[in-house]
Amino acid sequence: MKNTAMSALLFMTAMLIFSCKKDMQPRENNGPDNPPAVQDSVPVPEYARIPAVEQGWNIFTTTKANYRYGPSIIINDDGSIDAWFAAPGQEYTDGDSLFDATGAKSPVQIAPDGSVAQQFTVAADFYRLLVISPTWGGNMSNITLKLYRWQTDYATTVAGTVLAQQSFEHYGDNQRLDLTNSDGFPAGTYLWVMSDPNDPAVGKSGVWKYASTKTGSVIYQNGVEVEGSYQAYVQMTAHAKLYWDQIAYRRSVDGGHTWTADEMVLKPTAGSRDQLSVCDPGVAKWGGYYYLAYTSTDGPEGKHNNAFVCRSESPTGPWEKWNGSGWGGDPAPVVEYTGDTTKFGAGEPCFVVKDNTIYFYYTWNAGGSESRTTRVATADAADADWPAHLTSHGTAVNASQIPGSDHCDVKYREDLQVFQAIHTASRMTADSYLVLWESQDGIHFEQAGTLRDSTLQPFLHNCGWSGDAMGHIDPAKPQYLSYAYGQQWATWNTFWHQLNFDIP
């Protein structure tokens, strides 16, 4: 009995030890949200949380005031790349051209005692006449531009009263020569004349001529009617003469090594709330439309910005701008800045679409503790009028304590199931770098790390990285980073890198 009792005691002790050892092993947190692993499943690839930046190359270079910045990049299912950038603006022409551009174009030089002229008719008041004048590369040209009300014929008209006149001295090649009347020229028929150039040995002056004739317009050379049309415009609204930025588009099918020629696909609407600029594009596609969000300003000093959005079935437009209650017509902000009007305000937007929800991110820079923040609002992706139904969730990223930080470009990492945002820090300095933020819910972000790769160019700013049409990053597919850089303001090259998500 004693041996039997001892054997039973030893058996029970062994069982207890075995049971305790089992209980001490690491447990799988299994449950409805974390089911047990399937033993025969293929292992899921793991990728680096913070990618490495590989060697890159310039995709835009300039030696004068020019740029392509703030990229928005979509990787299509076939691997092709659509990219949008902010590009320099230009003078308004309002689309009221006095020429037919379908014919061949050639420069016409004005002789010292000669002239060129164009008769045209406008059905409404206009405020400005512009004529494009080639100088054959010179900058010492002189010319006089005059405007007359048409009277019977050419000779009678030029013998009459001059309505407006301006002499231009030492102007550059292809400069826009203009006559402006802030009160407007009334509707009617007019004649503009360019004459009195200086000695062609000093500087040549001329006009661009198209072979095709513009309906309702007649052109003259040395007082004689000729075929064709001259490159001239009339401005029909009394708004700003210039807009600062517009949106350029390009496409690549070889990973960004070669690109199509830039197309200027979105411009401001004259006389509207975005008339001064459209810049900082953020593009996504869902429900059959490309949605392009952008920044514009209410103030000529470039502050007090607002966020706008437009849509198109094509990446190049035409675009319907959100007007406050629907699509098309004069634009209204989708996010209106309500803070200190001496600060930057709102803008620099981007999208992520996940689980049929639009996450709309935008800069909100109001100074103080909100000197550099990104806010987020959401809407139903199935709602055609989603800009009218955005729900604000406040600040998502606050980078106010990071010197020289700029706007965030937010994407969703499918492998990690997190939202990630990147932005520049110490922008436009020799020590510029990138900062990465993360969020589980797309609403609240925390700083996750930095990218200080030696491959990054100094003096960089306004970066963007690639994703699919709804802003998702699949690290198993090639992904890219782009930004502008340069020491001189508004003279910036644009750089392009492939990102490496492999774990070192």
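Presented here is an overview of the structure given in this document. All values reported here derive from a predicted model rather than from experimental measurement. Numbering of residues starts from 1 in every chain and runs along the sequence as written. For this predicted model, a pLDDT threshold of at least 70 governs which residues receive local features, and a threshold of 80 or more governs which side-chain atom pairs are given and counted, while totals over whole chains, interfaces and linings are taken from all residues. As a rule here, side-chain values cover all heavy atoms of the structure and leave hydrogens and water aside.

The next point concerns the packing of aromatic side chains. Pairing of aromatic side chains here covers Phe, Tyr and the six-membered ring of Trp, requires ring centres within 6.5 Å, and sorts the geometry by plane angle: under 30 degrees stacked, over 60 edge-to-face, intermediate tilted. Counting across every chain of the model gives 37 aromatic pairs. Taking the centre distance of 5.8 Å and the plane angle of 85 degrees together, the rings of tyrosine 69 and tryptophan 492 count as edge-to-face. Within this pair, whereas tyrosine 69 is found in strand E2 (residues 69–75), its partner tryptophan 492 is found in the loop between strand E32 (479–485) and strand E33 (493–500), the two being separated by 423 residues in sequence. Consider the rings of phenylalanine 360 and tryptophan 386, whose centres lie 6.1 Å apart with planes at 55 degrees: the pair is tilted. Of this pair, phenylalanine 360 sits in strand E23 (residues 357–365) while tryptophan 386 sits in the loop between strand E24 (373–380) and strand E25 (391–398), and the two are 26 residues apart along the sequence. The two residues phenylalanine 360 and tryptophan 386 agree in class, both being buried. Following the ring pairs from residue to residue traces out a cluster consisting of Trp286, Tyr289, Tyr291, Trp322, Trp327, Phe351, Phe360, Tyr362 and Trp386. Should the NZ of a Lys or the CZ of an Arg lie within 6 Å of a ring centre and within 35 degrees of the ring normal, that charge is described as sitting over the ring. Sitting over the face of the ring of tyrosine 289, arginine 311 holds its NZ or CZ atom 4.1 Å from the ring centroid. If you follow arginine 375 out to its NZ or CZ, it ends over the ring of tryptophan 364, 4.0 Å from the centre. Only DSSP runs of H or I reaching four residues or more are called helices, and only runs of E reaching two or more are called strands; each is numbered from the N terminus. Any residue under 20% of the maximum accessible area for its type is buried, any over 50% is exposed, and the rest in between are partly exposed; the area is computed with a 1.4 Å probe on protein chains only.

Before going further, it helps to spend a moment on the sheet that holds strand E9 (residues 175–185). At least two DSSP bridges between two strands are required for those strands to pair. Taken together, the three strands give an open sheet; going across it, the order is E9-E6-E15, and neighbouring strands pair in antiparallel fashion. What marks the edges here is a single partner per strand, and that holds for E9 and strand E15 (232–235). In this sheet, adjacent strand axes meet at a mean angle of 15 degrees when their direction is disregarded. Pairing of strand E6 (residues 126–133) with E15, which is carried by four bridges, proceeds in the antiparallel orientation. Bridge pairing in E15 links valine 131 to alanine 232. The axes used here are C-alpha line fits, helices contributing only the stretch in contact, and every angle between their N-to-C directions lies in the interval 0 to 180 degrees.

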